[in-house]
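Okay, here's what each chain looks like letter by letter:
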Amino acid sequence: QMAIVGGFMLQPGTQCEIYPSHFAVSEGKWDDDVSDIHFNLDAQFHRFRTPWVTGSEVFRYLDADLEGTGKVKSLEFLNITMRSLGGYGFGPGIANIQTEINIKSGKISGGSRLRTDQSTLQLRGPRFSVTGKGALEWRAEEDADVSRLHVNLKDAKTEIHFGSNQIKGKAREVSADA
C-alpha cells in the first residue's frame, strides 16, 4: 500500500518546486531485493531554476525526514559508504533494517542512522570473508561531515585467503569499526 499527499509547482524550462509532501508505504517490496517495506517520508524540494540545475544537482534543494523498516537480501548497498576503505564491504545475508535519515539541503544530517538487529551478515575484505549472526549500526556524526559504522558478528564462519591458499574456521566474535 502506498499514499502520497503533497503538491508541486512546475513552469517548464523555468523553475520547479515540490511543496512539503508526505509519502508512506506499508507492506512494500522493491524487486526481489527488499521486502516488508514500511516507511514514512516527509520531503520538500525548494524552488530552483531548471536551466541552472542538471542531474543529481537537484538534491541540493532537498530537505527530507525518513523513518522506515524493511528486510534486505544483502547490505551491499552500504558498500558505497566504505569505498575509501579499499576493498572492504558487505556481501549477501538476510537483514532486518531500521533507518532514520534526515537530509537538509541535500546533505545527510548528523544523527541519521541505519541499523540491523541479529541478522545474517557477511563482511568481506581483500583477503577474508566473515559470515555470521550479528548487528550493525551506521550513523552520521552530529558535528562533522563524517559517518561511523560498527559491525559485530557472533559464531562467524570465517575464510582467510593467502594467494591460492585459504584457512576456514569459526570465530566466536568479530567486531569492526570504520
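**Structural notes on the nonpolar core**
Logical step 1: Core analysis: the largest hydrophobic core is formed by 25 residues, its most contacted members being Leu-75, Phe-90, Leu-136, Leu-149 and Leu-153.
Logical step 2: Those elements that place two or more of their residues in this core are β4 (34-49), β7 (92-104), β9 (113-125), β10 (128-140), β11 (147-162) and β12 (165-177).
Logical step 3: The residues touching Phe-90, leaving out its near neighbours within four places in the chain, are Leu-75, Glu-76, Leu-78, Asn-79, Met-82, Gln-122, Leu-123, Arg-124, Leu-136, Leu-149 and Val-151.

**Observations concerning the packing of aromatic side chains**
Logical step 1: In the structure shown here, the tally under the stated rule is four aromatic pairs.
Logical step 2: Ring centres of Phe-45 and Phe-59 lie 6.3 Å apart, and the angle between their planes is 45°; on these two criteria the pair is classed as tilted. In this pair, Phe-45 is assigned in strand β4 and Phe-59 in the loop between β4 and β5 (62-74), connecting sequence segments 14 residues apart.
Logical step 3: Exposure remark for Phe-59: the relative accessible area of 42% places this residue in the partly exposed category.
Logical step 4: Over the ring of Trp-52 we find Arg-49; its NZ or CZ atom is 5.2 Å from the centre of that ring.

**Points about the side chain of Ser-119**
Logical step 1: As for its placement among the helices and strands, Ser-119 is situated in strand β9.
Logical step 2: Residue classification places Ser-119 among the buried residues on the basis of a relative accessible area of 2%.
Logical step 3: If we ignore the near neighbours within four places in the chain, the residues touching Ser-119 are Ile-94, Ala-95, Asn-96, Gly-132, Lys-133 and Gly-134.

**Considerations on the side chain of Gln-15**
Logical step 1: Positionally, Gln-15 belongs in strand β3 (residues 15-30).
Logical step 2: A distance of 2.6 Å separates a polar atom in the side chain of Gln-15 from a polar atom in the side chain of Gln-11.
Logical step 3: When neighbours within four sequence positions are excluded, Gln-15 is seen to be in contact with Met-9, Leu-10, Arg-47, Phe-48, Arg-49 and Thr-50.

**Some details on the layout of surface pockets**
Logical step 1: Estimates place the volume of the largest pocket at around 850 Å³.
Logical step 2: Along the walls of the largest pocket sit 24 residues, with Ile-80, Thr-81, Ile-101, Ile-108 and Trp-138 positioned nearest its centre.
Logical step 3: Of all elements in the fold, only β5, β7, β8 (107-108) and β10 reach the threshold of two or more residues within the lining of the largest pocket.
Logical step 4: Within this model, the second largest pocket holds a volume of roughly 640 Å³.
Logical step 5: Taken together, 24 residues line the second largest pocket, and the ones lying closest to its centre are Trp-30, Val-34, Ile-37, Phe-39 and Ile-97.
Logical step 6: Mapped by element, the contributors of at least two residues to the lining of the second largest pocket are β3, β4, β5 and β7.
Logical step 7: Among the elements that take part in the lining of the second largest pocket, β5 stands out by supplying seven residues, more than any other.

Rules behind the numbers
- Residues numbered from 1 in each chain as written.
- Predicted model: local features only at pLDDT ≥ 70, side-chain atom pairs only at ≥ 80, totals over all residues.
- Heavy atoms only, no water.
- Core = buried A, V, L, I, M, F, W, Y, C linked by side-chain atoms within 4.5 Å.
- Buried < 20%, exposed > 50% of the residue type's maximum accessible area, 1.4 Å probe, protein only.
- Helix = DSSP H or I, 4+ residues; strand = E, 2+ residues; numbered from the N terminus.
- Contact = heavy atoms within 4.5 Å.
- Phe/Tyr/Trp six-rings, centres within 6.5 Å; stacked < 30°, edge-to-face > 60°.
- Lys NZ or Arg CZ within 6 Å of the ring centre and 35° of its normal.
- Polar contact = N/O pair within 3.5 Å; in protein donor to acceptor, adjacent residues only side chain to side chain.
- 1 Å grid on protein atoms, 1.4 Å probe; cavity = no way out; pocket = protein on both sides within 12 Å on 5 of 7 lines; lining within 4 Å.
- Points joined across faces, edges and corners; volume = space filled by probe spheres on them.

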